[in-house]
Amino acid sequence: MAMRIEQDSLGSKEVPIDAYYGLQTVRALENFPISGILMHFKMVEATVMVKKAAALVNADLGLLKPEISRAIAAAADEVLAGKLCDQFIVEVYQMGAGTAFNMNVNEVLVNRAIELLGGKKGDYAFAHPNDHVNMAQSTNDVFPTAMRMAARLLFAELLPVLRDLEQAFREKAKEFDGILKSARTHLQDAVPIRLGQEFAAYAVTIGKCQERIAAAARSLEELGIGGSASGTGLNTHPQYRTKLVEYLRTWTRIEWSNAPDMREAMQSNLPIAEASSVLRLLALELTRICNDLRLLTSGPTTGFAEIAMPAVQPGSSIMPGKVNPSMAEMLNMVCFQVIGNDLTISMAVQAGQLELNVMMPVMAYNLHESIEILKNAIRVFIDRCVSGIVADANRCRRYAEGSMALATALNMYIGYARAAEVVKRALHEQKTVIDVVREEKLLTEAQIAQILVPMKLTEPGLPGKRDESS
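Values in this document were obtained by computation on a predicted structure and should not be read as measured data.

**Q** So, the environment of asparagine 269: which residues are in play, and what are the values?
**A** The topology assignment puts asparagine 269 in the loop between helix H9 (262–267) and helix H10 (270–296). Judged by relative accessible area, which is 2%, asparagine 269 ranks as buried. Between the C-alpha atom of asparagine 269 and that of methionine 360, which follows or precedes it by 91 residues, the distance is 8.6 Å.

Structure (structure tokens):
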């Protein structure tokens, strides 16, 4: 492989001649061959947007030559259009704060800018990664700014998918509203409920999760760019931070704002912890819902089998014809990963010291991964599971009418203790509650018709009593 020689304060090294990255990236590859896991590309895009905005602002303020500014901006546009993606090769587990990642971006942009200026890669007399692409910046303000931006942009992709999931549950709630079934508490028979009511509750849950995520997204819009090395703004023009954020607002149509205190924005990663926390809450709720659906579809002959999920894949390599709730299982695993990511982020967020938290790369990776895998998993869960769920209305009704919990409606007429005796006899003799009530002549047929109507027991009211609320 043909090489070029580059030099930094630690000495000289060879760099592949065709590479747009430079010496600091090569050092990172040598020092950190840990996992091969790269940052989410949205982090690259956010960082590149910051670099482009900085180049334009510094030119606007008369600090950067217009031709260098234009070349850096043009190089940034190429990356944002999907070019040079294979040049961002610094992995997640790297030197603290993300300096290696920041320099990887600086080097790629500057070497492409050098070409646009008529030079060859590595000829930093045309433009320099530190002096020009990194002008008025430090990793310490660029990385947390880009980390927040990337998460906010990814949230903008997640929220519509959550709205689709909420709507999918609402549609199933409407479809299943007339299907009577037995509720279950402690996995034991409980009073009647409608299958549609269960699905409507899932929709409400997802709606509440959206509200929390939207609030967390807004807190990510506060950016500490302009703080430079320690949050004091050293080496930045007084108008730099305000003008830079104006560019970002125009390009993304998101209401980014300058942090009121640049020191706080550098010291604290509270918005990252908040964003991760709401994803953990979403994961907890999705796990619960998936567990419910897996129970409801259990069977087909030895379980609840009240619903059936679409058959998407054979479920066993040895048992012919077996079909599993594969999509719900997949979403469960994604949720477990998100919960684990949140613990990693929590540990990293509390690890800040004085003016900087050097654990930001692992925060960024885990947060962005959580949003990405939830978005993708929920999308296919809607398409390949929720939208195709069907109900076994007859089985649901049979469970409801045979439930011992129907005796709850008798409390007002024969008392709790006597109703419990009815349940015990019904269980012992394998009869229904209604059968025992008839045999013991505890109620007349007219009263049974009024009181022990399971569908009427699925709404607020006193069994057998006229609704006098109106």
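**Q** Any details on the environment of isoleucine 89? Residues and values, ideally.
**A** When you line up the elements, isoleucine 89 lands in the loop between helix H3 (66–80) and helix H4 (99–116). If near-sequence neighbours (up to four positions away) are discounted, isoleucine 89 is found in contact with Tyr21, Thr25, Leu29, Leu38 and Asn104.

**Q** Any details on the packing of aromatic side chains? Residues and values, ideally.
**A** Scanning the entire structure with this criterion turns up seven aromatic pairs. Arranged with centres 5.5 Å apart and planes meeting at 35 degrees, the rings of tyrosine 247 and tryptophan 251 form a pair that is tilted. Taken together, the positions of tyrosine 247 and tryptophan 251, both in helix H8 (residues 240–252) and four residues apart, correspond to about one turn of that helix. Relative accessible area serves as the criterion here: at 23%, tyrosine 247 is assigned to the partly exposed category.

**Q** Summarise helix H15 (residues 416–429); cite the residues concerned and give the values.
**A** Helix length check: H15 (14 residues) gives 20 Å between terminal C-alpha atoms against 20 Å at 1.5 Å per residue, within 8%. Within H15, burial applies to Ala419, Val422, Val423 and Ala426. Seen end-on, H15 carries its buried residues on one side only, within an arc spanning 100 degrees. Structural note: H15 exposes Ala417, Lys424 and His428 on the side pointing more than 90 degrees away from its buried face. Tucked inside the fold, the buried residues of H15 contact helix H14 (411–414) and helix H16 (433–439).

Basis of the calculations
- Residues numbered from 1 in each chain as written.
- Predicted model: local features only at pLDDT ≥ 70, side-chain atom pairs only at ≥ 80, totals over all residues.
- Heavy atoms only, no water.
- Helix = DSSP H or I, 4+ residues; strand = E, 2+ residues; numbered from the N terminus.
- Buried < 20%, exposed > 50% of the residue type's maximum accessible area, 1.4 Å probe, protein only.
- Contact = heavy atoms within 4.5 Å.
- Phe/Tyr/Trp six-rings, centres within 6.5 Å; stacked < 30°, edge-to-face > 60°.
- Expected span 1.5 Å × (residues − 1).
- Arc of directions from axis to C-beta.

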